[in-house]
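Spelled out, the chains give:
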Amino acid sequence: MKVIITKNKQELSEKACELIEHQVKEQPDSVLGLATGGSPLGTYNEMIKGFQHRSVDYRHVKTLNLDEYIGLDKNDPQSYHYFMRKHLFDHININPEHTYIPNGKAKDLQEECEQYEQFIEEIGPPDLQLLGIGQNGHIGFNEPGTPFARETHLIQLEESTRQANARFFDSIDAVPKQAITMGIKSILKSNKIVVIASGERKVDAIQRLVEEEPSEDLPASALKNHKNVTLIVDEEAYQKVGQGEETQ
C-alpha cells in the first residue's frame, strides 16, 4: 500500500483528483468507481474544475457507485443518486446513461444486488476505485464483520455509521437503517484503488488500517490484499502513525 501524506484536505482532494484525471486522460473510456459522503466532496469539486479549466473529458467514461440507501427514491435529496448529480454529474460532460448506482427502491432487493454485481462484471470492474473510510473502518457500507468474500449485498447499518451520516439528514430517525453496497470482494476486483481520509475523526481507523493485519473486524484492512492501493491521508488523520511515504 502506497501512502501519500498531505498537509490538509484541500491538498488531499487535489492529489486524488490528479490521479483520477491521469487515469481518464490515459484511458478516455475508463470505468471509475465512485464514493459518496463527506470525504470525496473536495475531490469532486476539483474534478469539476478540471473539466471547466483543464479540458478533462468524461464523455466516454462510465461510473459505478459503491452504494445506495434502501427505501430512498433516486430523486430524494438524501439519496446517493441525487448526491452524485448535485456534486459531480450535473457539472461535467458525462453521459447520464453511463452512470450506475444501485436502486434502493427496487421491488426485489436481492435481485438488484445480483444485477448490480453483473453490471460490475460487464461494465467494469473499475479501472480506478475511489474510496473513503468510515470511523469504524467500513468501506462502501461494508460494516465490521462483513466477510471479505462478500459481493454486492444488503447491509444493516451500524448505529455509529447512522450517527456519522445524520448530519446529512434532518434527524437521526430519518437516516435509513439499511443499504445496498458493493461487497468487499466486488471492490477488490478494481484494477487500482485510491483511499482518501482526512481529519481527526479518521485517526483511529487510519492507524488500524496501516498497522494491523487484515481482519474482518476492520473491513478496510482487506485492501492490504490488493496489489495497487494508494492511501491519501492528511497529517491530522495520520497523526497516530509513524511518518513515511510508503508502507508495506
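Analysis parameters
Residues numbered from 1 in each chain as written. Predicted model: local features only at pLDDT ≥ 70, side-chain atom pairs only at ≥ 80, totals over all residues. Heavy atoms only, no water. Pairing = 2+ DSSP bridges. Helix = DSSP H or I, 4+ residues; strand = E, 2+ residues; numbered from the N terminus. Axes fitted to C-alpha atoms, helices over the stretch in contact; angles between N-to-C directions. Parallel < 35°, antiparallel > 145°, perpendicular 65-115°, else oblique. Left-handed = near helix turned anticlockwise from the far one by under 90°. Contact = heavy atoms within 4.5 Å. Nonpolar A, V, L, I, M, F, W, Y, C, P; charged D, E, K, R; others polar. Buried < 20%, exposed > 50% of the residue type's maximum accessible area, 1.4 Å probe, protein only. Arc of directions from axis to C-beta. Polar contact = N/O pair within 3.5 Å; in protein donor to acceptor, adjacent residues only side chain to side chain. Salt bridge = Lys/Arg side-chain N within 4 Å of Asp/Glu carboxyl O. Phe/Tyr/Trp six-rings, centres within 6.5 Å; stacked < 30°, edge-to-face > 60°.

Caption draft 1: Molecular detail of the sheet that holds strand S9 (residues 192-197). The strand order S1-S10-S9-S6-S2-S3-S5 describes an open sheet built from seven strands, whose pairing is parallel. Edge positions in the sheet fall to strand S1 (2-6) and strand S5 (99-100), since each has one partner strand and no second. Relative to S5, strand S3 (residues 62-65) runs parallel, the two being bridged by two bridges. Counterpart to Thr-63 in the pairing with S5 is Thr-99.

Caption draft 2: Region of the structure containing the packing of helix H1 (residues 9-26) against helix H2 (residues 41-53). Where H1 meets H2, the axes come as close as 8 Å, and the angle between the chain directions of the two elements is 55°. In this view, H1 runs oblique relative to H2, as classed from their interaxial angle. For the element pair H1 and H2, the recorded crossing hand is right-handed. Facing H1, whose interface residues are Gln-10, Ser-13, Glu-14, Ala-16, Cys-17, Ile-20 and Glu-21, H2 presents Gly-42, Thr-43, Glu-46, Met-47 and Gly-50. Split by residue class, the contact of H1 with H2 holds four nonpolar, five polar and three charged.

Caption draft 3: Highlighting helix H3 (residues 80-87). Listed as buried for H3 are Tyr-80, His-81, Phe-83 and Met-84. Along the axis of H3, the buried positions cluster into a sector of 165°, meaning they face one direction only. A side-chain oxygen of the first residue of H3 lies 3.1 Å from the backbone nitrogen of Tyr-82; this N-cap is Ser-79.

Caption draft 4: Quick peek at the sheet that holds strand S4 (residues 67-69). Spatially, the three strands line up as an open sheet ordered S4-S8-S7, and their pairing is antiparallel. In this open sheet, the two edge strands, each paired with only one partner strand, are S4 and strand S7 (153-156). Across this sheet, the average inter-strand angle for adjacent strands is 25°, counted without regard to direction. Bridge count for S7 against strand S8 (residues 178-181) is four bridges, and the pairing is antiparallel. By the bridge assignment for S8, Ile-155 is matched with Ala-179.

Caption draft 5: Broad picture of the pattern of salt bridges. On inspection of all chains with the given rule, the structure shows 10 salt bridges. Here the salt bridges share partners, and the residues they tie into one network are Glu-117, Glu-121, Glu-151 and Lys-189.

Caption draft 6: Seen up close, the packing of aromatic side chains. Tallied over the full model, the rule gives seven aromatic pairs. Centroid distance Tyr-69 to Phe-141: 5.6 Å. Interplanar angle 45°. Geometry classified as tilted. Taken together, the positions of Tyr-69 in strand S4 and Phe-141 in the loop between strand S6 (128-131) and S7 put the pair 72 residues apart, joining distant regions of the chain. The buried category is assigned to Tyr-69, whose relative accessible area is 1%. By relative accessible area, which is 3% here, Phe-141 ends up buried.

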